[in-house]
Amino acid sequence: MRSFIFNIAYWSLSGVYAIICAVLALIPGRTVLMHGLRSYARATLILMRLVCGIKIEVRGTPPKDQPVVIGAKHQSWGDGIVMMAKCGDVNFVCGDHMLKFPLIGWVLKRCGAIILSNQGGPAARESLMAGIVRSQGEGRPRPVLIYPEGHLTEVGTGMRFRSGVWHMARALERPIVPVATNLGQCWPQQKWSKFKGTAVIDFLDPIQPSGNRDADLAELQTRVETRSRALEAEFAPIAIPSQVPSGHSVICA
């Protein structure tokens, strides 16, 4: 019943804010629009806490208004919402699947989001480079959030980290802040069911990108996956048995 109430309330809230933010996007600049988006994110966190009993705990220091690239674990539809609520004026990289939602494409473009093709290839690389150029031209640098896996993963699993996070960090001359989470134990991927518990967003020590792409990506993935597995184990009583493979193994190609 909690999941039913939450989903009805969440999607209703999202529809209302889509209209509000589309109107705010008409205002020159992005300051007012970003306030609207963060208001939506904070309202969603309140719904998560009051309706589903999902408590968000932040560990480490969120890089608010800092010129960094955030490389985060992605196991829940709620990941981006939580990060927007906790990281201040953050820019973000998202897949073009978000454009299927009415008004969202307009809002994303107005707030400066970097929209990549989920199919990868030349189109995705071109979008990424255009996003890097826009980020370089911003008067006041802000954090850029990217999910290196490129897709949602189940709790206890991981995918090979893509190189976009490294290219962006190198081009912008910024450190990469790894972020681990266990949010998927409470809000698994895009699923209807939600589960009461504590979801941790853990900001880890930054990585200064070197000229060795593969080594940097391996270090980022090791830190994020190792810490995420530790968080899942810490809150094991709320884990979803069918989603957590024995031994919490992670296979990386």
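Described in the following lines is the structure provided in the data block. (Residues numbered from 1 in each chain as written. Predicted model: local features only at pLDDT ≥ 70, side-chain atom pairs only at ≥ 80, totals over all residues. Heavy atoms only, no water.)

### What about the nonpolar core?
Here is a general trend for soluble globular proteins: nonpolar side chains tend to be buried in one another's company.
Logical step 1: Membership of the largest hydrophobic core comes to 49 residues, with the highest contact counts inside it found for Ile56 and Met83.
Logical step 2: Top contributing element to this core by residue count: helix 2 (residues 31-52), with 10 residues.
Logical step 3: Each residue touching methionine 83, except ones within four places of it in the same chain, is listed here: Ile70, Leu145, Tyr147, Val179, Ile201 and Phe203.
Logical step 4: Grouped together as the second largest cluster of nonpolar side chains are 19 residues, Ile132, Phe161, Val165 and Leu172 included. (Core = buried A, V, L, I, M, F, W, Y, C linked by side-chain atoms within 4.5 Å. Buried < 20%, exposed > 50% of the residue type's maximum accessible area, 1.4 Å probe, protein only. Helix = DSSP H or I, 4+ residues; strand = E, 2+ residues; numbered from the N terminus. Contact = heavy atoms within 4.5 Å.)

### A few points about the sheet that holds strand 3 (residues 91-95)
Logical step 1: As summarised here, the arrangement of the seven strands in space is 1-7-6-2-5-3-4, forming an open sheet in which the pairing is mixed. The open sheet terminates on both sides in strands that have one partner only, identified here as strand 1 (54-59) and strand 4 (114-116). The average angle at which neighbouring strand axes cross in this sheet is 20°, direction not considered.
Logical step 2: In this sheet, strand 4 lies alongside strand 3 in parallel orientation, the contact comprising three bridges. Bridge assignment links valine 93 to a residue of strand 4, and that residue is isoleucine 114. (Pairing = 2+ DSSP bridges. Axes fitted to C-alpha atoms, helices over the stretch in contact; angles between N-to-C directions.)

### As for the pattern of salt bridges
Logical step 1: In total, this model carries 11 salt bridges according to the counting rule given.
Logical step 2: Notably, a salt bridge pairs glutamate 149 with lysine 73, separated by 2.7 Å at the nearest N-O pair. Pair noted here: glutamate 149 is in the loop between strand 5 (144-146) and helix 6 (164-172) and lysine 73 is in the loop between strand 2 (69-72) and helix 3 (79-86), with a separation of 76 residues, a long-range link. Residue glutamate 149 shares its accessibility class with lysine 73, and that shared class is buried.
Logical step 3: Where aspartate 89 meets arginine 142, a salt bridge forms, and the shortest distance between an N and an O atom there is 3.3 Å. A residue pair is termed long-range when its members are at least 10 positions apart, and aspartate 89 in the loop between helix 3 and strand 3 and arginine 142 in the loop between helix 5 (121-137) and strand 5 qualify at 53 residues. By the burial criterion, aspartate 89 is buried, and arginine 142 matches it.
Logical step 4: Among the charged side chains, a network of salt bridges with common partners joins Lys73, Glu149, Glu225, Arg229 and Glu232. (Salt bridge = Lys/Arg side-chain N within 4 Å of Asp/Glu carboxyl O.)

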